[in-house]
Amino acid sequence: MSESKSRPWLLPAQVYMRGALDVLGQLLFPLDVAPLEQVTQAASSGEPGGETMRQKVAVVTGGTSGVGLALVARLSASGWRVFVGDHHVDSDVTAAQGAREELAKQNEVLTSACTCEEVVGVTRVPLDLTSFSSVFTFAAAVMANVEQVDCLVLNAGVMLAPFHLCDVAEQHVQVNLLSHFYLQRILAPLLRRASNGTVVFVSSSVSWCAGELDLEYLMSQCTHTTSHGATGSMTHTNDPSWIETQFDPYYSYAQTKLALGCLAQVLHSRDHRKVDGIKYMAVHPGVVNTALYQHTNGFLQWMQRWMGKLVMRSPEHAALCIHALIANPSIAASGEYYCNAEVSPFPDTGVDKDVLLEWLEAMIPG
């Protein structure tokens, strides 16, 4: 295992320090909202009535809360048709009602709870990223309704969650990485039909805490053998001692977010050998006041409840950064990593990124 895994006490400190530095940067250098709003407004008024924008189609995972919800609201208000992957549709009635109430408080255009029911250009479709079959069903619903997709925003994710084995992998690897890779693979033909088809991987500055991309660790969190002969080390998943010594939520989160940034780079270089290439980019939305931090320690959760609105970025501002990149393709380059809607440095992964791509292609259904 990598050096980071041999010193598990160090990585949590690095993750929290990185977050603290990001918060400090956000306070000292507030986001310049006006130019980004101008970009999105100019794109919306490309033709009288914003007709061009109303004809565009976006697919957003994690679009019922936080940054995803704010982005869906912005795109819908700009005339986009938006398909939202919703884990709550057709789920437990109580949980679904709670989600509806939260959505109603944040954005009244997303109050429908019906499967595939469209409200003001927003279509909510069931999506469980812990299951490949659910991902396929979701993509099939999108393909049955539209002929092209202009933008796919892979926003959903889990952070520092306790160990849970999903379809073929531990939930950080399955939800953050494998299922999102599978979804963009299925929708790639629809993205190519758009003039500026774009895939946005929502990554994180925590990527800088991961060290080198640790494919050995990612493979160890999967349950089956790939075509390369790499076998997941999940034979003792019910053994608490195995979980304690092998699974590290901090490392899993950092590695999956690092892998998403790598994917933007390798898919760009591979896809742009073709004339009809798709634009791929990774985005760090900032330290945003959302429910993503529900598995952090109790002190930080208390701090977020009382000070989150003061010191953390709002979901609306994080969504604005993503919206600006989507709305004006001329300011967003493929294969780059963005922070505050500007190109930002990305860690040197220390491995051949094509190996990551080959492993992911072997892990998803054929």
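Further up the page is the structure itself.
What counts as what
Residues numbered from 1 in each chain as written. Predicted model: local features only at pLDDT ≥ 70, side-chain atom pairs only at ≥ 80, totals over all residues. Heavy atoms only, no water. Helix = DSSP H or I, 4+ residues; strand = E, 2+ residues; numbered from the N terminus. Contact = heavy atoms within 4.5 Å. Salt bridge = Lys/Arg side-chain N within 4 Å of Asp/Glu carboxyl O. Buried < 20%, exposed > 50% of the residue type's maximum accessible area, 1.4 Å probe, protein only. Patch = residues over 30% accessible without salt bridge, like charges linked within 9 Å, V, L, I, M, F, W, Y side chains within 5 Å. Areas by Shrake-Rupley, 256 points an atom, 1.4 Å probe, with all protein chains shown as cover. Pairing = 2+ DSSP bridges. Right-handed = clockwise from strand over helix to strand, strands pointing away. Phe/Tyr/Trp six-rings, centres within 6.5 Å; stacked < 30°, edge-to-face > 60°. Polar contact = N/O pair within 3.5 Å; in protein donor to acceptor, adjacent residues only side chain to side chain. 1 Å grid on protein atoms, 1.4 Å probe; cavity = no way out; pocket = protein on both sides within 12 Å on 5 of 7 lines; lining within 4 Å. Points joined across faces, edges and corners; volume = space filled by probe spheres on them. Axes fitted to C-alpha atoms, helices over the stretch in contact; angles between N-to-C directions. Parallel < 35°, antiparallel > 145°, perpendicular 65-115°, else oblique. Nonpolar A, V, L, I, M, F, W, Y, C, P; charged D, E, K, R; others polar.

J.: Looking at this model, I keep getting lost on the overall build of the chain. Mind explaining?
T.: Scanning the chain from terminus to terminus reveals 14 helices and nine strands. Long-range pairs, those at least 24 residues apart, make up 77% of the contacts in the chain between residues at least 6 apart in sequence.

J.: Help me out: how do you make sense of the pattern of salt bridges in this one?
T.: Pairing is possible between side chains that carry opposite charge, provided their charged atoms lie close to one another. Inspection of every chain in the model, using the stated rule, returns four salt bridges. Note that E37 is salt-bridged to R74, the shortest N-O span being 3.0 Å. Of this pair, E37 sits in helix α3 (residues 33–44) while R74 sits in helix α5 (residues 66–77), and the two are 37 residues apart along the sequence. Accessibility expressed as a relative area gives 22% for E37, which makes it partly exposed. One salt bridge connects R124 with D86, and the closest N-O pair in it is separated by 2.0 Å. Residue R124 is found in strand β4 (residues 122–126), and its partner D86 is found in strand β2 (residues 81–86); the two are separated by 38 residues along the sequence. Exposure class is identical for R124 and D86. Each is buried.

J.: How should a nonpolar patch on the surface be read in this particular structure?
T.: Among the surface-exposed residues, M17, L21, L24, L28 and F29 lie close enough to one another that they form a single nonpolar patch of about 560 Å² accessible area. Assignment of secondary structure puts L21 in helix α2 (residues 10–28).

J.: Help me understand the pairing of strand β1 (residues 57–61) in this model?
T.: On a regular strand, one side chain projects to one face of the sheet and the next to the other, so that they alternate. Among the five residues of β1, five are classified as buried, and the element is accordingly described as predominantly covered. Every second residue of β1 is oriented toward a common face, with V57, V59 and T61 on one face and A58 and V60 on the other, all of them buried. As paired elements, β1 and β2 share five bridges and run parallel to each other. Residue pairing for β2: T61 is matched across the bridge by G85. On the question of chirality, the crossover connecting β1 to the parallel β2 by way of α5 is right-handed. Note: β1 against strand β5 (residues 151–154), four bridges, orientation parallel. The residue bridging A58 from the neighbouring strand is C151, located in β5.

J.: Would you explain unusual backbone geometry in this entry?
T.: Even without glycine at this site, L160 takes up a positive phi of about 60°. Here L160 shows up in the loop between β5 and α8 (171–193). Unusually for a residue other than glycine, N340 sits at a positive phi of about 60°.

J.: Explain the pairing of strand β6 (residues 198–202) here, please?
T.: Among the five residues in β6, five count as buried, and that is most of the element. Of the two faces of β6, the one lined by T198, V200 and V202 and the one lined by V199 and F201 are each fully buried. Across four bridges, β5 lies against β6 in parallel orientation. Within β6, the residue paired with C151 across the bridge is T198. Crossover β5 to β6 through α8 is right-handed. The pairing of β6 with strand β7 (residues 279–284) spans five bridges and is parallel.

J.: Explain the packing of aromatic side chains here, please?
T.: Describing an aromatic ring pair means giving the distance of the ring centres and the angle of the ring planes. Counted according to the given criterion, the structure contains five aromatic pairs. Relative to Y250, the ring of Y16 has its centre 5.8 Å away and its plane inclined at 80°; by these criteria the two rings are edge-to-face. Here Y16 is found in helix α2, whereas its partner Y250 is found in helix α11 (residues 249–271), with 234 residues between them in sequence. Judged by its relative accessible area of 24%, Y16 is partly exposed. What makes Y250 buried here is its relative accessible area of 17%. Aromatic side chains F163 and F247 sit 5.3 Å apart centroid to centroid with 70° between the ring planes, which places their arrangement in the edge-to-face category. With F163 in the loop between β5 and α8 and F247 in the loop between α10 (240–246) and α11, the pair connects residues that are 84 residues apart, well separated along the chain.

J.: Can you walk me through the environment of D150 in this structure?
T.: As for its placement among the helices and strands, D150 is situated in the loop between α7 (132–145) and β5. Distance from D150 to T198, taken between C-alpha atoms, is 6.2 Å for residues 48 residues apart in sequence. Sequence-distant contacts of D150, that is, excluding residues within four places in its chain, are made with Q55, K56, V57, W80, L191, A194, N196, G197 and T198. Side-chain polar atoms of D150 contact the backbone nitrogen of V57, separated by 2.8 Å.

J.: Is there a simple way to explain the layout of surface pockets in this structure?
T.: Quantified by volume, the second largest pocket comes out at close to 260 Å³. Along the wall of the second largest pocket there are 16 residues; nearest its centre are D22, G25, Q26, C339 and N340. When residues of the lining of the second largest pocket are traced back to their parent elements, those giving at least two are α2 and β8 (336–339). Among the elements that line the lining of the second largest pocket, the one with the most residues is α2, at five residues.

J.: Honestly, the packing of α8 against helix α14 (residues 353–363) in this entry has me stumped. Any pointers?
T.: Two quantities define a packed helix pair, namely the angle between the helix axes and the distance between the axes. The interhelical angle for the contact between α8 and α14, taken along N-to-C directions, is 85°, at an axis separation of 10 Å. What the angle tells us is that α8 and α14 run roughly perpendicular. The residues of α14 that touch α8, namely those facing V173, L177, L178, F181 and R185, are L357, W359, L360, E361 and M363. When the residues that make up the contact of α8 with α14 are grouped by side-chain class, the tally is eight nonpolar, no polar and two charged.

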